[in-house]
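Working through the structure, step by step
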Amino acid sequence: GTTWTLIAYSTPSKVKVYASAAKQDIPISAMTKVVLDAAEYDALNEFDTTTNYRFTATYAGQYANSALILFDESLEDGKQILLQIQLNGVAALMGNYYTTGAISLHAISCVGTITMAAGDYLELYVYHTNSVPRLLRNNETELYWCINRI
């Protein structure tokens, strides 16, 4: 006969976090951690939405990331916007954009996979070169980060 072996099933890592509090002020030419203070879902309670605003992996594996930010105010022509996902404090994924023309709103995304060990952490950072500080939007459709173990 056939022998069946039960394989333990664990809940997969799946997270969607966003900014819900006051719009975050991003200073000029400073890599700034994005404050993600609310979770639409967090299956394993891996994202700290109160203190460090970071994802800490429960399990080793490949993690798919999709982050989007939208500035609430226009940026000057020819300025750089950078969105970076850091693994244990080191750049792992990056979206880079230079503004063109007088567009009232600027969005940037960062998408890709990152190999993580259990206990590794991810953080989201933003940077811009506008001549004055700029605000980020603060809702689940205009500033969010999704992380899924695949």
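Note: the structure precedes this text.
Residues numbered from 1 in each chain as written. Predicted model: local features only at pLDDT ≥ 70, side-chain atom pairs only at ≥ 80, totals over all residues. Heavy atoms only, no water.

**Re the nonpolar core**
Let me state the cut-off plainly: Note on terminology: a nonpolar core comprises buried Ala, Val, Leu, Ile, Met, Phe, Trp, Tyr and Cys residues joined through side-chain atoms within 4.5 Å. Accessibility here uses a 1.4 Å probe with only protein chains present; expressed as a share of the type maximum, an area under 20% marks a residue as buried, one over 50% as exposed, and anything in between as partly exposed. Here a strand is any run of E in DSSP of at least two residues, a helix any run of H or I of at least four, and the numbering for each starts at the N terminus. In what follows, residue pairs with any heavy atoms lying within 4.5 Å of each other are defined as contacts.
Core analysis: the largest hydrophobic core is formed by 30 residues, its most contacted members being Phe55, Leu122 and Trp145. Looking at this core, the elements with two or more residues in it are β1 (14-18), β6 (61-70), β7 (80-87), β9 (107-116), β10 (121-128) and β12 (144-149). Non-local contacts of tryptophan 145, meaning those with residues more than four positions away in its chain, are made with Val15, Lys16, Val17, Leu36, Phe47, Asn65, Ser66, Ala67, Ile85, Leu122, Glu123 and Leu124.

**What to know about the packing of aromatic side chains**
Worth spelling out the cut-off: Within 6.5 Å between ring centres, the rings of Phe, Tyr and Trp (the latter by its six-membered ring) count as paired, and their orientation is classed by plane angle as stacked under 30 degrees, edge-to-face over 60, tilted in between. Throughout this description, the term charge over a ring refers to an Arg CZ or Lys NZ atom that lies within 6 Å of the ring centre and within 35 degrees of the ring normal.
For the structure on display, the rule yields 2 aromatic pairs. Between the aromatic rings of phenylalanine 47 and tryptophan 145, the centroid separation amounts to 5.9 Å while the plane-to-plane angle is 85 degrees, which identifies the pairing as edge-to-face. Linking phenylalanine 47 in the loop between β4 (38-42) and β5 (55-56) with tryptophan 145 in strand β12, this pair joins segments that are 98 residues apart in sequence. Overall, the relative accessible area of 4% leaves phenylalanine 47 in the buried class. With relative accessibility at 0%, the residue tryptophan 145 sits in the buried group. Lying across the ring of tyrosine 144, lysine 16 places its NZ or CZ 4.9 Å from the centre. Here arginine 54 stacks its cationic end above the ring of tyrosine 121, 3.8 Å away from the centre of that ring.

Any functional reading would require information that these geometric values do not contain.
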